[in-house]
Amino acid sequence: MKTGLKFILAFAVAALCMLAFRGLVFTLLTVDGNALEPTLRRGDRVVVNRWSYGLRTGGHGSLFSYGRLWRSEVNRGDIVAFDSPVDSVPGIMVCRCTALPGDTVNTGNAIVTLPGKINCDAEDCYWMESLNKTNTADSRTFGVVPESRIIGRVSLILYNHDDNRMFYEGYDASRMMKTVR
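Here is what the cut-offs are and how they apply
- Residues numbered from 1 in each chain as written.
- Predicted model: local features only at pLDDT ≥ 70, side-chain atom pairs only at ≥ 80, totals over all residues.
- Heavy atoms only, no water.
- pLDDT = per-residue confidence, 0-100.
- Helix = DSSP H or I, 4+ residues; strand = E, 2+ residues; numbered from the N terminus.
- Buried < 20%, exposed > 50% of the residue type's maximum accessible area, 1.4 Å probe, protein only.
- Pairing = 2+ DSSP bridges.
- Core = buried A, V, L, I, M, F, W, Y, C linked by side-chain atoms within 4.5 Å.

1. Let's talk about the confidence of the model for the protein chain
On average, the protein chain scores 80 in pLDDT, and the residues at 70 or more come to 87%. Averaged pLDDT values for the elements of the protein chain fall to 71 in strand E8 (residues 111-113) and rise to 91 in strand E2 (residues 44-49).

Structure (structure tokens):
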């Protein structure tokens, strides 16, 4: 085999492995708000473990029906990444899970019982809240989050970078490789 072809083949295999690893095992996200301060701050680059609740197959925007291989439960208090349940707030959101399927939540305006295990609904739903009560992009605004939209648990802060500064400055050393709880 020629040297150039070996290089191209090695590069292609490495690229495929990287894409499979990022798509099936971990996802990297940038925190774009202050909803979970002081746990997560604007500019944190976080690692989302896609296997934390089982490998998600199919679901929202897919040709296949939703399912999870090696499923495990979402725990109260977990910081969770999920696909936005409303069209008005597109993208991936990060919030803390404060109520599980079957729990009753008093929102101040109403009492909400989450669909799921106790209510015999087809899909388990979770109540997600931000720590910053002035931020309205959580379940108090858009309601419950179906399990099919949950991507995984935020497990690690890789680093924090201020995007208003140059790429070689603006890093916060105290936020590097910090476990999220």
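Structure shown, so let's carry the discussion forward.
2. Remarks on the pairing of strand E9 (residues 125-129)
E9 sits mainly inside the fold: five of its five residues count as buried. Every second residue of E9 is oriented toward a common face, with Cys125, Trp127 and Glu129 on one face and Tyr126 and Met128 on the other, all of them buried. The pairing of strand E6 (residues 92-99) with E9 spans three bridges and is classified as antiparallel. Across the sheet, residue Ala99 finds its bridge partner in E9, namely Trp127. Sheet analysis places E9 next to strand E10 (residues 145-146), joined by two bridges and oriented antiparallel. Paired with Tyr126 across the two strands is Val145, which belongs to E10.

3. Side note on the nonpolar core
Membership of the largest hydrophobic core comes to 13 residues, with the highest contact counts inside it found for Val74, Val80, Phe82, Cys97, Tyr126, Met128 and Ile150. Elements with a minimum of two residues in this core: strand E5 (79-83), E6 and E9. Counting residues per element, this core draws most heavily on E6, which supplies three residues. By size, the runner-up hydrophobic cluster in this structure holds 12 residues, among which are Leu36, Ile79, Ala81 and Ile157.

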